[in-house]
Structures are given as structure tokens and as C-alpha cells.
Amino acid sequence: MMIDNTLQAFSGHIQVQKAGYQDEPSLRKSFHNATTLAQDLRENINDVEVSSRALGFALLSSEERSYGVQIVGVEPQFEASVSTLPGLVVEGRYLADGDSSPSNVADGIVIGKVLARNLRVSVGDEITLLGSGRDGSMAADVVSVTGIYDSGMVDLDRAIAHINLKHFQSLFSMPEQGHAVVVKAHNFDQVEQIYSQISQLVINNDFFSTQALVVQDWNAMHPGLKQAIQADMGSALFMYAILIILVAFSVMNTQLMSVLERTREFGVIMSLGLCAGRLTKLVLLETSLMAGIGFILGVAGGLAVVGYLSVEGFSIAGMDKMAERFNMSPVMYPQLSFLSILSGPSVIYLGSLIAAIYPAFRLHFLQPVAAMRAA
């Protein structure tokens, strides 16, 4: 869920790019027929959403101010399926496929709320776009603000503007070219399989294979995201380890008290000929049976709760407002798996058995006469 919420804002799970673009983005590192590749992926790969993009930088100027921003050329009919930004428009509307209009009418642009405030413009106002084309020519046009989005992220709202991909290609002298084909999987568990399918499709297509294209997964595009998740998991495992230690000491204390309270009884049966080894096995068997009952009850209870929540979902208080602001679902749905069901109870079960070794081992030093005189 952390991965999906991060990637759905802009980058998607997978991108097809020109080799070297990820490390050093440049307007010149574009490839031909980006929209054709996007259409091929839609037709040949199941359970994905695909959209092509082109990216460049330009100066946006209103009557009073000027700011440099990243211009993103998008396919309006597909962009909403791979990014949450189209759903965050709070004023006006998002781009439509027909917004790349004749030259006598201003083309549409969608900007962030912070940028709109800085430029002092609103929906319907015209702003001047000035940049440099791929061939070194001047990229200049007058565009009309069709929508203003509010993502809640100041840097994004200040620095990103969307225009129609056809308009971008014409403006920046990039006919039929793009910089990225963005792919979003319907299910995160399928990302690895889809990555392999896209790689094979690009390699087996003679036209695209000659353009030195590379397929980047989310880990390559956002290496810091995986590190953040690992750090979060590390802290969770640390707390879980402390919990296991506490449980183990609790079991050991319980079993030790149980052994000490029955010292006289143990002395009696040892005097009747029962060896210390069999008493040790008795204590361990007793612990394993109690731990086994706890294991079964824990798995059954956890299965019932998580099974219910996986269907109905759950939400943390206050999360709904934050999720609505970022165009995300406020409801979380835990997923059942063999590992998630059995891993925790299994560790506790083994910890309980290990904790019972010391109390059971004490019986080897028990003297029958002294034990019968105790208590």
C-alpha cells in the first residue's frame, strides 16, 4: 500500500524510457512512436493501464510574474488511469483529448494551486509558455488555464504543469516522440510478471529494440522508497522481537513456578522410580500442548479478524481526510497469505518451547528426599 500510494501520484509501477534518461533526463533523450508502444502494451498485456508522456522545461509567464516549471505532455484519455493528478483538479477541469486546438485558439494547460497563486492566474486566464525545442528551435505559445489541481505537496503544485501530448510534440519539435511510457498494474503482485512481459515485447519488436529502450521498474525509479520500507519493517521487527522476548520470559516464569510448586510431587514420583529424563519430557510435553492450544486459537482468531477486514476494510481515525486530499482510498484491506497467517504464531510457539527448556532442565538436579521435604 505504501508503494502504490507513492507511485500512483505520478510515476506508475513501470516505465519504458530511452537508455540513460532515468539518470540524466534530457529533452533530446526521446524515442519515436511512444503512443504506438503504449497502444501495443494495452493490446498485448492484460491487467495494466498505460499512458505515454513527454517531459520538458519551460518558463510560464503571466502579466505580472514568471516561473520555470516542468511541462508534461500527456494523453488526457489515459493519464487518469496511471496518475492521481487528474483527479485532484479543484478548479476548472482536466485536459480533454480535443484540447490541442487550432492555432487561433489558445491550447489548454493544467497547473498546480501553488503555481497559480504565484502567477496570480485563475481558470480561463492565458499565460505565455517559453522554452527550447528538441532541435534547438524556440518553443513559444500562449496557453489557457483549463484547470488547477491541489495535490497537497507544495513542490509538486509549484513545479508541474500538464498539456496535451500532441500539443507538446508540436511545441517542442518532437513529432510522434515521447520520453516515457508509464505502466500501472492492477495488482502490485503482478508487477514482476508484467515487467518481464514488457521487456520481451520491447526486445522482440525490431523497431523499438533499435532505439535503445530500457524498462524500469518502481525499484529502479525510486530506490529510496524500498529503503524507507525496509527501515519501517526493521523497526517493526525490532518491536516484534521485544514482544517475543517478553512472551518467552512470561512462559519461562510460568513454567518455572509450575515446576517449583510441584517439587514435593516430583520428589514422590522420583522416589517411586521415575527418572529425571522422563519428568523433563513431561514438562516439555505440557508446555507444547498449552502452546499448541494457544497456536490454534491465535491462528483461528487472527484468520477470522483479518478475513473480515480483508473484505470490509478498516480506516484509521483522521485518515479519510488525508486520503481524500491525495485522491487515495481511506480504507485499507489487509491480505491473507500463508506467511502472514502462520509466521507470528509459529515464532511464539517455538519461543514458548525454548523458554520451557530451563525449568525442565532443573529437574535433572532434583533430589527425591530433599524434594519431598520441600514445602
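Refer to the structure presented above.
What counts as what
- Residues numbered from 1 in each chain as written.
- Predicted model: local features only at pLDDT ≥ 70, side-chain atom pairs only at ≥ 80, totals over all residues.
- Heavy atoms only, no water.
- Helix = DSSP H or I, 4+ residues; strand = E, 2+ residues; numbered from the N terminus.
- Salt bridge = Lys/Arg side-chain N within 4 Å of Asp/Glu carboxyl O.
- Buried < 20%, exposed > 50% of the residue type's maximum accessible area, 1.4 Å probe, protein only.
- Arc of directions from axis to C-beta.
- Phe/Tyr/Trp six-rings, centres within 6.5 Å; stacked < 30°, edge-to-face > 60°.
- Lys NZ or Arg CZ within 6 Å of the ring centre and 35° of its normal.

Peer 1: Please clarify how unusual backbone geometry should be interpreted in this entry.
Peer 2: Phi is positive for arginine 120, which is not a glycine, with a value near 60 degrees. Relative to the assigned elements, arginine 120 resides in the loop between helix H4 (113-119) and strand S7 (126-132). Even without being a glycine, glutamate 176 presents a positive backbone phi close to 60 degrees. With respect to the secondary-structure elements, glutamate 176 resides in the loop between helix H6 (165-171) and strand S10 (177-178).

Peer 1: I'm lost on the pattern of salt bridges in this one. Help?
Peer 2: Should the charged atoms of two oppositely charged side chains come close, the side chains can pair. Applying the stated rule across the entire model yields seven salt bridges. Here glutamate 79 and arginine 53 are joined by a salt bridge, their closest N and O atoms 2.8 Å apart. Within this pair, whereas glutamate 79 is found in helix H3 (residues 76-82), its partner arginine 53 is found in strand S3 (residues 48-61), the two being separated by 26 residues in sequence. Judged by its relative accessible area of 0%, glutamate 79 falls in the buried class. Aspartate 150 serves as the salt-bridge partner of lysine 113, at 3.9 Å between the closest nitrogen and oxygen. Placement of lysine 113 in helix H4 and of aspartate 150 in the loop between strand S8 (138-149) and helix H5 (154-159) is noted, with a sequence separation of 37 residues between them.

Peer 1: It is not clear to me how helix H2 (residues 34-44) should be interpreted in this structure. Could you clarify?
Peer 2: Owing to its 3.6 residues per turn, the α-helix brings residues three or four apart onto one side. Among all positions of H2, only Ala34, Leu37, Ala38, Asp40 and Leu41 are buried. Along the axis of H2, the buried residues cluster in a sector spanning 160 degrees; they form a single face.

Peer 1: Hey, could you run me through the packing of aromatic side chains in this one?
Peer 2: We describe a pair of aromatic rings using the distance from one ring centre to the other and the angle between the two ring planes. Under the definition given, this model contains three aromatic pairs. Centre to centre, the rings of phenylalanine 295 and tyrosine 349 are 6.1 Å apart; their planes meet at 65 degrees, and the pair counts as edge-to-face. Residue phenylalanine 295 is located in helix H12 (residues 276-312), and its partner tyrosine 349 is located in helix H14 (residues 338-355); the two are separated by 54 residues in the primary sequence. Positioned over the ring face of phenylalanine 78 is arginine 42, at 3.5 Å from the centre of the ring. The lysine or arginine in question, arginine 53, covers the ring of phenylalanine 10, its NZ or CZ lying 4.3 Å from the ring centre.

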